[in-house]
Amino acid sequence: MARTALPGRLSARLTWRVATLAETQDETATARTLRLDVPDWPGHLSGQHVDVRLTDEDGYSAQRSYSLAAPADGDRIELTVQRIADGEVSAYLADTYAVGDPIEVRGPVGGWFVWRPADPAPVLLVAGGSGIVPLMAMIRTRRQTGSRAPFRLVYSVRSPADQYYTPELRRSARDDGGLDVAVVYTRSAPDGWSRPPGRITAADLASLGWPASLEPSCYVCGPTGFVEAAASALVDQGHDPRRIRTERFGPSGSGG
Ligand SMILES: Cc1cc2nc3c(=O)[nH]c(=O)nc-3n(C[C@H](O)[C@H](O)[C@H](O)COP(=O)(O)OP(=O)(O)OC[C@H]3O[C@@H](n4cnc5c(N)ncnc54)[C@H](O)[C@@H]3O)c2cc1C
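Just so we're clear, the structure is a prediction, and the values are computed from it rather than from any experiment.

1. Section: the pattern of salt bridges
Under the defined criterion, the tally for this structure stands at 18 salt bridges. The partner of Arg-143 in a salt bridge is Asp-176, and the shortest N-O contact between them spans 3.4 Å. Residue Arg-143 is found in helix α3 (residues 132–145), and its partner Asp-176 is found in the loop between α4 (166–175) and β9 (179–185); the two are separated by 33 residues along the sequence. According to the relative accessible area criterion, Asp-176 is buried, its value standing at 11%. Among the ionic contacts, a cluster of salt bridges with common partners joins Glu-23, Arg-35, Asp-37, Arg-76, Glu-78, Arg-140, Arg-143, Glu-168 and Asp-176.

2. Observations regarding the sheet that holds strand β7 (residues 123–128)
The five strands are arranged β9-β8-β7-β10-β11 in an open sheet whose pairing can be described as parallel. Single-partner strands in this sheet number two, and they are β9 and β11 (244–248). The average undirected angle you get between the axes of adjacent strands in this sheet is 10 degrees. Relative to β9, strand β8 (residues 151–157) runs parallel, the two being bridged by seven bridges. Residue pairing in the sheet places Leu-153 in a bridge with Val-181 of β9.

Cut-off values and rules
- Residues numbered from 1 in each chain as written.
- Predicted model: local features only at pLDDT ≥ 70, side-chain atom pairs only at ≥ 80, totals over all residues.
- Heavy atoms only, no water.
- Salt bridge = Lys/Arg side-chain N within 4 Å of Asp/Glu carboxyl O.
- Helix = DSSP H or I, 4+ residues; strand = E, 2+ residues; numbered from the N terminus.
- Buried < 20%, exposed > 50% of the residue type's maximum accessible area, 1.4 Å probe, protein only.
- Pairing = 2+ DSSP bridges.
- Axes fitted to C-alpha atoms, helices over the stretch in contact; angles between N-to-C directions.

Given below as structure tokens:
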């Protein structure tokens, strides 16, 4: 059967490329940022992800998705990987994968869970645990492009030690006009924190997010259970489901 030629951009996205680890940065005791050089990277939108493929010497391979954490810098892309206990791929990427080592990467992937800087609408970002990664890409893109779209981030995380990007988020909340950052701790909060630790509630989203009447674009990302709870709370508050975009990272979990 004759093969249909793929349009150039699509075939570029479906091509596996050999990337090389250029730099790493620890975000927490169990999460690490990987900066990868990917030859001929085609560029991406904030919110998109890549597929990563590992292959061992016997030819066994495993493939997982990881969100792009920042706007592309030429051929350099950035991921942040949370080590999952007994995780086949995340443990390797977070612990063993070393600067100079190759890895296969394909993408960018995803066209719905994306934020475009030309969009002036208010944005509500709701992150559970490592779900902060693609939302951080949106915050970084907003800053890089000088967008004035009003942003609110509600970040649910277990404890201060589990927070990613802490100094940068603090700086952004201070310096990027129009960005509010609120952290909800689920297991232990800093001393003197007014909200007792606990899972994010509809009341948290109502007080820390935007009213539905402003018609914000909502992006919710994290473990499956977290995303479902947060998205349904937003619908209950009157947000139009068509403006709620979700990305589920894993099978379960509290999201923080
Ligand atoms: C679109 C998309 C984007 C993603 N972006 C990121 C990202 O930016 N950073 C990141 O760290 N992860 C991200 N993930 C999750 C990632 O793809 C893997 O699922 C995760 O790293 C676990 O893979 P593993 O091989 O280590 O675990 P596996 O060997 O596949 O699983 C080990 C155990 O952990 C459980 N498990 C699997 N995934 C999760 C999870 N996410 N949370 C809790 N338990 C889990 C499994 O049920 C199993 O019990 C993303 C997933 C998707 C679909």
